[in-house]
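Residue-level structure breakdown
Residues per chain, in single letters:
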Amino acid sequence: MSGTALMYMLANMFLTQLFYVVGVGGVQEDNLCLCLAFGIHYLRLAIISWLCVMTYDMLITFRNNVNLNPRPEPVNLLISRFVKYSLFAWGVPSLSVIAASVMRVTVNHQTIDNLNPYNCWFFEKTIYNVTFAVPALCCFAAIVDSLVRSWLTARATVGLQVDKKTRLKMHRKRTLQLHLYVKIATLLFAVNVFGYVARNGSPASDPVAWIAYNVGHSLQGILVALAVTCNCQVLKIYTRSFARRRRRRPRNGSATALFDKRDNDISDTTYLQNLTWDPVPLPV
């Protein structure tokens, strides 16, 4: 469940960056720029909503599984939970976009004049604060609440384990997942804070927040992907593989060493040029 939610969040990040790149520099067509603004508004809030779903699902998992091995759940229960998560993660941004469109029609009849001149996302300040900043702040508050309760639950369940080895292993797994979600939440919160400051301030007079927002917005996808994949276990695998190769490296200067090195080079790559014997190996 958490992996599926993570994939949805990463997909939303990719689409957000794609729309953002299209809208940077301004779009001449007013309606197209407005559509991009609503699309980015929806996707940005969907990212935070899926993170809220992930942290809440982690809390439910920690409560239901007091042992190291997770208890399998019925398929119908998993489907029901996923449907509820999807309704929340897609419904909150939809309601926000509907509210933004209604406020734009009733409060401001202009199409693009109050959009940020640098891109097609930021609306008029009141619309942005009411329809984006407030729902995002509520979601972040729910994320913090889920993280704190997950930490307390994990601490209690780890203390229930009798075996020391099992207790340490459970503590390591729970802590790894908690740290991952804390990193993602901190990154997204910082990016949105910079966006809030850039919108409510003046990008021309104080460009620091605007530059920080653009850099964070561009790198958040790859940073989240690295945080998920490059954990301590993955790094341990690469370190162990590198150490094993160094131990198997033969002495230099022998013909056997040359053949072994050539075999390793061929087996470790798919580049076609490396499949030729150039230079010709020494005769044995």
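Residues numbered from 1 in each chain as written. Predicted model: local features only at pLDDT ≥ 70, side-chain atom pairs only at ≥ 80, totals over all residues. Heavy atoms only, no water.

Description of helix α1 (residues 2-23)
The following threshold applies: The secondary structure listing takes helices from DSSP runs of H or I that are at least 4 residues long and strands from runs of E that are at least 2 residues long, numbered from the N terminus. Take the residue count of a helix, subtract one, and multiply by 1.5 Å to get its expected span. Partly exposed describes any residue whose relative accessible area lies between the buried limit of under 20% and the exposed limit of over 50%, with all areas from a 1.4 Å probe on protein chains only and scaled to the type maximum. Think of it as the arc spanned by the lines of direction from the helix axis to the C-beta atoms.
Here α1 spans 31 Å end to end across 22 residues, near enough to the 32 Å set by a 1.5 Å rise per residue. Turning to α1, its buried residues number three or more, namely A5, L6, M9, N12, M13, T16, Y20 and G23. Around the axis of α1, the buried residues are gathered within 120° of arc, so they sit on the same side. Facing away from the buried side of α1 by over 90 degrees, the exposed positions are M7, F14 and V21.

Observations regarding helix α2 (residues 30-64)
Compared with the 51 Å implied by 1.5 Å per residue over 35 residues, the 51 Å span of α2 between its first and last C-alpha is a close match. Across the 35 residues of α2, 26 count as buried, placing the element largely inside the fold.

Quick notes on the UniProt feature "transmembrane region" (unreviewed entry) in the chain
Basically, it comes down to this: UniProt positions are given in the numbering used here, feature names are shortened, and annotations may be inferred rather than shown by experiment.
When the UniProt feature table is mapped onto this chain numbering, "transmembrane region" (unreviewed entry) sits at residues 7-27, 39-62, 82-107, 178-198 and 218-239. Within the segment residues 39-62, helix and strand shares are 100% and 0% respectively, and the terminal C-alpha atoms sit 35 Å apart.

Focus: the pattern of salt bridges
What counts, and what does not: Salt-bridge detection follows one rule: a side-chain nitrogen of Lys or Arg within 4 Å of a carboxyl oxygen of Asp or Glu.
Under the criterion given, the structure shown has two salt bridges. The salt bridge partner of R81 is D57, with a shortest N-O separation of 2.2 Å. Residue R81 is found in helix α3 (residues 75-107), and its partner D57 is found in helix α2; the two are separated by 24 residues along the sequence. Residue R81 is classed as buried on the basis of its relative accessible area of 11%. For D57, a relative accessible area of 4% corresponds to the buried category. R149 is the partner of D145 in a salt bridge, and the nearest nitrogen-oxygen pair spans 3.1 Å.

What to know about the side chain of N192
Cut-off, in case you're wondering: Contact criterion: two residues are considered in contact whenever any of their non-hydrogen atoms come within 4.5 Å of each other.
Summarising the element assignment, N192 is placed in helix α5 (residues 164-200). Given the relative accessible area of 9%, N192 is considered buried. The contact partners of N192, leaving out residues within four places of it in the chain, are R44, I48, Y128, F132 and F140.

Examining a positive patch on the surface
Selection criterion: In this analysis, a patch consists of residues with relative accessible area above 30% that form no salt bridge, clustered at 9 Å for like charges and at 5 Å for the nonpolar side chains Val, Leu, Ile, Met, Phe, Trp and Tyr. For the area figures, the Shrake-Rupley method with a 1.4 Å probe applies, and any residue is considered shielded solely by the protein chains shown. Only four residue types enter the charge count: Lys and Arg as positive, Asp and Glu as negative, with His and the chain ends excluded. A charge is said to be at NZ when it belongs to Lys, at CZ for Arg, at CG for Asp and at CD for Glu.
Side chains of K165, K169, R172 and K173 sit close together on the surface and give a patch of like positive charge. For K165, the location among the structural elements is in helix α5. According to the relative accessible area criterion, K165 is exposed, its value standing at 69%.

Some remarks on a nonpolar patch on the surface
Together, I211, V215, L219, I222, L223 and L226 give the surface a local cluster of nonpolar side chains, amounting to about 510 Å² of exposed area. Tracing the backbone through its elements, the reader meets L223 in helix α6 (residues 207-229).

Describing the packing of aromatic side chains
Filter applied, for reference: Geometry of aromatic contacts follows a simple scheme: Phe, Tyr and Trp rings, the Trp one being its six-membered ring, pair when their centres are within 6.5 Å, and the pair is stacked under 30 degrees between planes, edge-to-face over 60, tilted otherwise.
Here the structure, examined in full by the defined rule, presents eleven aromatic pairs. Judged by centre distance (6.2 Å) and plane angle (75°), the ring pair of Y20 and Y213 falls under edge-to-face. Placement of the pair is Y20 in helix α1 and Y213 in helix α6, with a sequence separation of 193 residues. One exposure class covers both Y20 and Y213, and it is buried. Of the aromatic side chains, those joined through ring pairs into one cluster are Y8, Y42, W50, F82 and W90.

Regarding the packing of helix α4 (residues 125-159) against α5
This is how the line gets drawn: To obtain each axis, a line is fitted to C-alpha atoms, and for helices this fit is confined to the stretch in contact; angles are then taken between N-to-C directions over 0 to 180 degrees. Working rule for angles: under 35 degrees goes down as roughly parallel, over 145 as roughly antiparallel, 65 to 115 as roughly perpendicular, anything else as oblique. Note: crossing handedness is left-handed where the near helix turns anticlockwise from the far helix by less than a right angle, and right-handed where it turns clockwise. Throughout this entry, Asp, Glu, Lys and Arg are counted as charged residues, while Ala, Val, Leu, Ile, Met, Phe, Trp, Tyr, Cys and Pro are counted as nonpolar. The remaining residues, Gly among them, count as polar.
Two elements in contact, α4 and α5, have axes whose closest approach is 10 Å; the angle formed by their N-to-C orientations is 165°. Viewed along their axes, α4 and α5 adopt a mutual orientation that is roughly antiparallel. Seen along the crossing, α4 lies across α5 with a hand that is left-handed. The residue makeup of the contact of α4 with α5, split by class, is 17 nonpolar, seven polar and four charged.

Quick look at the packing of α2 against α4
Two elements in contact, α2 and α4, have axes whose closest approach is 8 Å; the angle formed by their N-to-C orientations is 20°. Put simply, α2 runs roughly parallel to α4. Along this stretch, α2 crosses α4, giving a crossing that reads as left-handed. Tallied by class, residues from the contact of α2 with α4 come to 17 nonpolar, eight polar and three charged.

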